[in-house]
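Residue strings, one per chain:
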Amino acid sequence: MTRRDTLPEQLTEEEAAAELAALAEEIAQADIAYHQNDAPEITDAEYDALRRRNTAIEALFPHLKRADSPSEATPGAAPAAGFAKSRHGTPMLSLDNAFAVADFEEFTRSIRRFLKLSEEEVLRFVAEPKIDGLSVNLTYEKGVFVRGATRGDGTVGEDITRNLETLPDLPRQLPAPFPEQIEIRGEVFMTKADFLAFHAEQTRLAEEREQRRERGEKVGPEIRIPANPRNAAAGSLRQLDPEVTARRPLKLFAYAQGASSTPVAETHWDYLQQLERWGFDVNPLSRRLPDENAAEDFQGELAEKRAGLDYDIDGVVYKLDRLDWQTRLGFVGRTPRWAIAWKFPAERATTELLRIDIQVGRTGALTPRAVMQPVNVGGVMVQHATLHNEDEIARKDVRIGDTVVLQRAGDVIPQIVSVVLEKRPEDSKPFEFPTTCPACGSHAVRPEGEVVRRCTGGLICPAQTVERLKHFVSRNALDIEGLGEENIIALHDAGLVKSPADIFRLHEHAATVRQWEGWGKGGKSSKKLDNLLAAIEARRNPPLERFIFALGIRRIGAQNAKLLARHYHSFANWRARMLAATTIGSEAREELGSIQGIGPAIATELAEFFAEARNRAALDDLASQVTPQDAESIGGSDSPFAGKVVVFTGTLEQSSRDEAEAIADRLGAKVTKSVSKKTDFVVVGADAGSKAKKAAELGVRTLTEAEWRQMALLD
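Residues numbered from 1 in each chain as written. Predicted model: local features only at pLDDT ≥ 70, side-chain atom pairs only at ≥ 80, totals over all residues. Heavy atoms only, no water.

## A short note on the pairing of strand S15 (residues 366-377)
Quick note on the threshold: DSSP-based pairing: two strands are paired if at least 2 bridges between them are found. Secondary structure follows DSSP: runs of H or I at least 4 residues long count as helices, runs of E at least 2 residues long count as strands, and numbering of each begins at the N terminus.
Bridge count for strand S14 (residues 348-360) against S15 is seven bridges, and the pairing is antiparallel. If you follow Leu353 over to S15, its bridge partner there is Met372. Both S15 and strand S16 (residues 380-386) contribute to a ladder of six bridges, which runs antiparallel. Bridge pairing in S16 places Asn376 opposite Met381.

## Let's talk about the pattern of salt bridges
To be explicit about the condition: For salt bridges, the criterion is a side-chain nitrogen of Lys or Arg within 4 Å of an Asp or Glu carboxyl oxygen. The cut-offs for exposure are 20% and 50% of the maximum accessible area for each residue type, with area from a 1.4 Å probe on protein chains only; residues under the lower value are buried, those over the upper are exposed, and the others partly exposed.
Across all of its chains, the model carries 33 salt bridges by this definition. We note a salt bridge from Glu301 to Arg287, for which the minimum N-O separation is 2.7 Å. Remark: Arg287 occurs in strand S9 (residues 287-288) and Glu301 occurs in helix H9 (residues 295-306); sequence separation between them is 14 residues. What makes Glu301 partly exposed here is its relative accessible area of 24%. By relative accessible area, Arg287 is classed as partly exposed at 33%. Arg288 is paired through a salt bridge with Asp321; the nearest N and O atoms lie 2.9 Å apart. Of this pair, Arg288 sits in strand S9 while Asp321 is found in the loop between strand S10 (313-320) and helix H10 (323-329), placing the two residues 33 residues apart along the sequence. Beyond isolated ion pairs, a larger network of salt bridges with shared partners links Glu390, Asp391, Arg446 and Arg453.

## A word on helix H23 (residues 657-666)
How we decide: Arc definition: directions from the helix axis to the C-beta atoms. In this description, contact between two residues means that some pair of their heavy atoms is separated by no more than 4.5 Å.
Taken together, the buried positions of H23 are occupied by Ala660, Glu661, Ile663 and Ala664. Angularly, the buried residues of H23 cover 160° about the axis, an arc narrow enough to put them on a single face. Among the structural elements, strand S21 (645-649), strand S22 (670-672) and helix H25 (705-711) are those in contact with the buried residues of H23. Once H23 finishes, Gly668 follows within two positions and takes phi at roughly 95°, a positive value.

## A few points about empty space enclosed by the protein
Just so we agree on the cut-off: Grid points spaced at 1 Å over the protein atoms alone were grouped into cavities, where a 1.4 Å probe fits but cannot get out, and pockets, open sets with protein on both sides within 12 Å along at least five of seven lines, with lining residues defined by an atom within 4 Å of a point. Grid points are joined across faces, edges and corners, and a volume is the space filled by probe spheres set on the points.
Under the defined criterion, the tally for this structure stands at four cavities of 30 Å³ or more. Taken as a whole, the largest cavity holds about 140 Å³ of empty space. Lining the largest cavity are 13 residues, with Cys455, Thr456, Arg468, Arg554 and Glu605 positioned closest to its centre. Within the residue set of the lining of the largest cavity, elements represented by two or more residues are strand S20 (454-455) and helix H21 (599-611). Take the lining of the largest cavity: its biggest share by element is three residues, from H21.

## Considerations on the sheet that holds S22
Note the following rule: To define axes, lines are fitted to C-alpha atoms, for helices over the stretch in contact only, and angles between the resulting N-to-C directions are given on a 0 to 180 degree scale.
With parallel pairing, four strands are arranged side by side in an open sheet as S22-S21-S23-S24. In this open sheet, the two strands that pair with only one neighbour each are S22 and strand S24 (701-704). In this sheet, neighbouring strand axes are inclined to one another by 30° on average, regardless of whether the strands run parallel or antiparallel. Across four bridges, the pairing between S21 and strand S23 (residues 681-684) is parallel. Considered in S23, the bridge of Val647 is made with Val682.

## Considering the nonpolar core
Our working rule: Residues grouped as a nonpolar core are buried Ala, Val, Leu, Ile, Met, Phe, Trp, Tyr and Cys residues, joined through side-chain atoms within 4.5 Å.
Residues Ile480, Ile503, Leu564, Trp574 and Leu592 are the most contacted members of the largest nonpolar core, which totals 53 residues. Every residue in contact with Leu592, bar those within four places of it in the chain, is listed here: Leu564, Tyr568, Met578, Ala581, Ile598, Ala603 and Leu606.

## Examining the UniProt feature "active site" (unreviewed entry) in the protein chain
Convention followed: UniProt positions are given in the numbering used here, feature names are shortened, and annotations may be inferred rather than shown by experiment.
Taken from the UniProt record, the annotation "active site" (unreviewed entry) applies to Lys130. Residue position: Lys130 is located in strand S3 (residues 125-131). Overall, the relative accessible area of 23% leaves Lys130 in the partly exposed class. What Lys130 contacts, discounting residues up to four positions off in sequence, is Asp312, Ile313, Asp314, Gly315, Val316, Val317, Ala341 and Lys343.

## Side note on the confidence of the model for the protein chain
Counted only if it meets this: Confidence of the predictor in every single residue is expressed as pLDDT, which spans 0 to 100.
On average, the protein chain scores 85 in pLDDT, and the residues at 70 or more come to 91%. Considering only residues more than four positions removed or in separate chains, one finds that residues 76-81, a stretch of pLDDT under 50, has 22 contacts.

## Remarks on the UniProt feature "binding site: Zn(2+)" (unreviewed entry) in the protein chain
Feature annotation in UniProt assigns "binding site: Zn(2+)" (unreviewed entry) to the following positions: Cys437, Cys440 and Cys461. In sequence the annotated residues extend across 25 residues, while in space they remain close, none of their C-alpha pairs exceeding 8.3 Å. In this view, Cys437 contacts Val360, Ser442, Ala444, Cys455 and Cys461; residues no more than four positions away in its chain are not counted. Structurally, the position occupied by Cys461 is in the loop between S20 and helix H12 (462-472).

## Some points on the packing of H21 against helix H22 (residues 613-623)
Axes are the key here: two packed helices are described by the angle between their axes and the distance separating the axes. Test applied: Here the word oblique covers every angle except those under 35 degrees (roughly parallel), over 145 (roughly antiparallel) and from 65 to 115 (roughly perpendicular). By the convention adopted, Pro, Cys, Tyr, Trp, Phe, Met, Ile, Leu, Val and Ala count as nonpolar, Lys, Arg, Asp and Glu as charged, and the other residues, Gly among them, as polar.
At their nearest, the axes of H21 and H22 sit 5 Å apart, and the two run at 85° to each other. As judged from the angle between their axes, H21 and H22 are roughly perpendicular. Side by side, H21 and H22 meet where Phe609, Phe610 and Ala611 of the first sit next to Ala613, Asn615, Arg616 and Leu619 of the second. Of the residues in the contact of H21 with H22, the class split is five nonpolar, one polar and one charged.

## Some points on the sheet that holds strand S5 (residues 144-150)
Judged by pairing direction, the sheet is antiparallel, and its four strands sit side by side in the order S5-S4-S7-S8 without closing on themselves. Two strands close off the open sheet at either side, each with one partner strand: S5 and strand S8 (251-260). Taking each pair of neighbouring strands and ignoring which way they run, the sheet shows an average axis angle of 30°. As paired strands, strand S7 (residues 181-189) and S8 are joined by seven bridges and run antiparallel to one another. Bridging across to S8, Glu187 finds its partner in Phe253. The sheet strands contacting helix H6 (residues 229-237) are strand S4 (134-141) and S7, and the helix crosses S4 at an angle near 40°. Strands in contact with helix H8 (residues 268-277) are S7 and S8; relative to S8, the strand with the most contacts, it is inclined by about 120°.

If you want it as structure tokens, here you go:
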């Protein structure tokens, strides 16, 4: 599968076909989540990006266009179970999006090209705020409301007639004149104020239900707390019991026409006026624009009013006013050629920063999170926002008690944009980022050149424990069969396995575990614990390299663990030398940093791990349960370089230095970058510098390239 940042024109035909298939599936799933489940899994911006990419790839590879192409399908989802189906007289289609002036200008140019209009011909549009609610199709026969449905898949929706009849804004009878039959489209929504009250009430009910459950009392079905007004409105209309819908504060704006037995008006603006005469609420902010050039000003005007409106809007819909031109333009795929939705950028709001919590990730990273007075941002109640790292806090000078400007990036990820300095409390102080882990109290250090501060607690940090335990027993570590994620979590939550050493003491709790469901005596399950305990016993003597890797020290992967095991040979020696290496500038620290493939950054991680007393205690506790086996030299005991410390310097003629070091490694040598009194051989090539000089000063044996190759049996 290709990366999504690969330009469509860079795709091969095979890649394009694969991505079109993936896009079709992703968009279909997003439609179901949004239109049927009222629980969108991606943002509108992300959804729009998927559709734009699909369109771009299809334009470049038209012969690969799929039968289930999203560009041909009407957005939506099949009616959910529990509702009768209702077929629309004309499809309920979606709109293309504009995000900038240039997009809107291209939209108007496309209209002129299609209709072959001159630049002098005036294009009048009707601008309507784009309500973020649930679209409905209302059918009237002889002026009487007979049926109402959701969008569904655009062709067939869910019959929610009884629920819609509870809306006070819905006219039951149209005053004459009216067509024999007509479909009227509208948007059902919940105001911000009503949503906040509804959200608070649902939250209260959910908390009370949880309290009753904890007391062992019988409770009803789980209470859903909607994330935003749109979800609240959609969920309310999809209640199987209309009495529930009747208790929800829902409103309706009418805005469009579906099928009609006779024409109603010659322009869209006149049609909106007719809707009002029939008793529908039409958004009072809708406006007929004198020409296309007025759209940009109207967009700016609505953007300024947006935050103060009592309902959520995410853009403005611009519809060509002349209905005869709309008919001529028709549709392309899923969208009309005569209308477009010009989306707003991310909505912002202000709120108070109550505190800054520090969260600890599985790798020990300390991440600050802002806790704020809850506020509605872009239709979602937001209380938390990431502050990324301590540099970001300092750069924005975010302080507890500040009034902050908040936005949802891409209308989904909350982030603090800035601070309202004029509202800052007089006694405010800069936030001091902790230097100890809030979860375990271990030192939290920030390596040079990095922006993230990390807990050094490692094995004893509860925030990292489960993830580290999973790593400890993984295939490339101790590879304990039967200790998968589910069992690790169960044992940890029961308090039986809090550290790696506890795994090897699990036999002491065998009687307890046998009482658990699925682990007890009798039947197939009776062997589950026995097999696990046997697998644990089989790993009490792990190879040193696996043992080191299993500890989960940052930057110590399987290869680096092997290098360390080969270099230090035994666990006792490795532990002693790592402890000595905690002193900066020590000979042990220099030795560690000089190991080929280790380097200063990894040496620092190891030193910081061993500098933490609780890490050492946990390591020694583990060592009391297991006995790591000494590392063996790959070259065998017959190799003159087995277990020897070798340094290469200068330019070699017969091979590159990298190749020579690899050969030495295969022969069991410990290849390092610097010369010390522990060095056994220094292989000197042409133009050797300070390393050759230091070898002479320390009395270390030097070899020419020819001597090295002869001893290595290369020549």
